Amino acid sequence: LFDGVYPFYPQQRKAAVFDISSIIVTVVFLTLACSFLLITPGIRGRARLYWTLRVLLSLFVGVVIVVVQFTGDWESGWVQANTSYKSFSPVQVSADIGLHIGLAGVNVTLRGNPVEQINETINYNEHFPWSFGADYDHSYSQGLQKGLPSPILYVAEKFSSQSPCGVHGQYRIAGHYASATLWVAFCTWVISNILLSMPALVYGGYMLLATGAFMIFSLLSFSTVRNSPMCLIQIGTSTLHVAYGGSFWLMLAIGLLCVVAGITIVAMHHFNLDLLKTFFDLREDKAEEHQEMLEVFINPHFVSKSL
């Protein structure tokens with residue numbers, strides 16, 4: 001032993017707390033939001049409230065579209081069970097086992113209850129990718145070589161390409177098309193922001209409708225995996241069930257928000273264009289231009305001379 005560390009064995013993996021890609025995307029959008037809030041005092045009147053509402057809602061939609069690409073809770077489930085901890089060992093531990101399915105792979109979590117048991121810290125979160133360019137079976141083989149706890153390997157094996165469950169290909173293809181559809185939604189979101197910043201409000205509304213439609217299409221693509229029965233994940237005497245997670249419901253809410261916003265803009269364009277221009281700060285600009293053209297400044301000195 002060297003200070004309590006075994007010299008020739010891999011050290012215990014720590015649980016992942018944050019996803020680096022999600023942090024980077026969130027920081028970028030927060031920087032944009034803070035930069036806009038710094039310039040809001042320079043906007044006069046009610047236009048300040050309208051600008052703040054539009055920009056913050058738009059940035060929130062954009063960050064959701066990008067961040068959910070890297071989250072792992074499109075489907076998730078937890079179960080508490082007494083299970084064996086290592087292969088070929090009769091020792092059992094009480095633990096919470098979690099399954100988190102994302103577009104790019106699956107995360108299996110094992111957390112002891114309590115965390116300290118059998119002189120070890122039981123707190124694992126292992127990721128097994130299935131996106132195009134990644135080899136799920138290779139990641140699973142690496143987990144076998146590292147000697148991961150039995151519950152993690154048992155759950156991960158259900159999603160391998162060699163498993164009798166046969167859900168590996170379905171999740172992989174569904175996640176791929178859902179991700180591609182979300183990137184298209186991100187492109188239409190950018191175009192809608194460009195159009196709404198110009199006097200082309202109705203076309204910006206159409207692009208918002210397209211953004212919401214593509215977001216809903218991504219949900220439908222991911223939901224196709226529900227058409228096939230999922231194998232039971234039996235851990236001890238308990239069964240691990242999965243259901244749609246936070247990312248799925250957040251995408252549904254934001255998609256419906258974009259659809260409602262797009263329909264509202266298109267309807268207001270046809271029925272109340274003046275109110276729509278006021279909300280997008282276009283009517284006030286025109287009024288100021290006409291006001292400046294009508295004002296005439298006369299020097300009283302020259303007027304008195306001519307008289």
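The following refers to the structure shown. Source: prediction; values computed, not measured.

Another point: the overall build of the protein chain. Within the protein chain, the secondary structure is distributed over 10 helices and 7 strands. The buried share among the 307 residues of the protein chain stands at 40%. Contacts spanning at least 24 positions in sequence make up 65% of the contacts within the protein chain whose residues lie at least 6 apart.

With that settled, the discussion passes to the packing of aromatic side chains. Inspection of every chain in the model, using the stated rule, returns 16 aromatic pairs. A centroid spacing of 6.3 Å and a plane angle of 50° characterise the contact between F29 and W189, whose relative ring orientation is tilted. Within this pair, whereas F29 is found in helix α1 (residues 20–39), its partner W189 is found in helix α5 (residues 168–196), the two being separated by 160 residues in sequence. Taking the relative accessible area as the measure of exposure, W189 reaches 10% and is therefore buried. Pairing Y244 with F248 gives two aromatic rings, centres 4.0 Å apart and planes at 10°, and the pair type is stacked. An aromatic cluster of at least three residues, connected via ring pairs, comprises W74, F128, W130, Y136, F159, Y171, F222, Y244, F248 and W249. Against the face of W51 rests R54, its NZ or CZ located 4.4 Å from the ring centre. In this structure, K86 packs its charged tip against the face of Y85, placed 5.2 Å from the ring centre.

Contact geometry for helix α3 (residues 136–146) and helix α4 (residues 150–157): axes closest at 11 Å, N-to-C directions at 160°. Of the possible angle classes, the one that applies to α3 and α4 is roughly antiparallel. In this structure, the crossing between α3 and α4 has a hand that is left-handed. Contacts between α3 and α4 pair Y136, Y140, G143 and L144 from the former with L153, A156 and E157 from the latter. Of the residues belonging to the contact of α3 with α4, the class tally is 5 nonpolar, 1 polar and 1 charged.

On to the sheet that holds strand β2 (residues 92–101), then. Reading across the sheet, the 5 strands line up as β4-β3-β2-β1-β7 and stay open at both edges, with antiparallel pairing between neighbours. Looking at which strands have only one partner, the edges of the open sheet turn out to be β4 (120–129) and β7 (243–244). Alignment of strand β1 (residues 75–84) against β2, held across 10 bridges, turns out to be antiparallel. Paired with S76 across the strands is H100, a residue of β2.

Core analysis: the biggest nonpolar cluster contains 59 residues, and W74 and L99 have the highest contact counts within it. Ranked by residue count, the leading element in this core is helix α2 (residues 47–67), at 9 residues. Core analysis: the second largest hydrophobic core is formed by 6 residues, L201, L208, I265 and L276 among them.

On to unusual backbone geometry, then. Going from N113 to P114, the amide bond is cis rather than trans, its omega being 10°. Position of P114 among the secondary structure elements: in strand β3 (residues 105–117). One non-glycine residue, N119, lies in positive phi territory at about 60°. By secondary structure assignment, the location of N119 is in the loop between β3 and β4.

Parameters and conventions
Residues numbered from 1 in each chain as written. Predicted model: local features only at pLDDT ≥ 70, side-chain atom pairs only at ≥ 80, totals over all residues. Heavy atoms only, no water. Helix = DSSP H or I, 4+ residues; strand = E, 2+ residues; numbered from the N terminus. Buried < 20%, exposed > 50% of the residue type's maximum accessible area, 1.4 Å probe, protein only. Contact = heavy atoms within 4.5 Å. Phe/Tyr/Trp six-rings, centres within 6.5 Å; stacked < 30°, edge-to-face > 60°. Lys NZ or Arg CZ within 6 Å of the ring centre and 35° of its normal. Axes fitted to C-alpha atoms, helices over the stretch in contact; angles between N-to-C directions. Parallel < 35°, antiparallel > 145°, perpendicular 65-115°, else oblique. Left-handed = near helix turned anticlockwise from the far one by under 90°. Nonpolar A, V, L, I, M, F, W, Y, C, P; charged D, E, K, R; others polar. Pairing = 2+ DSSP bridges. Core = buried A, V, L, I, M, F, W, Y, C linked by side-chain atoms within 4.5 Å.

In short, the description is geometric, and any link to function would need to be established separately.
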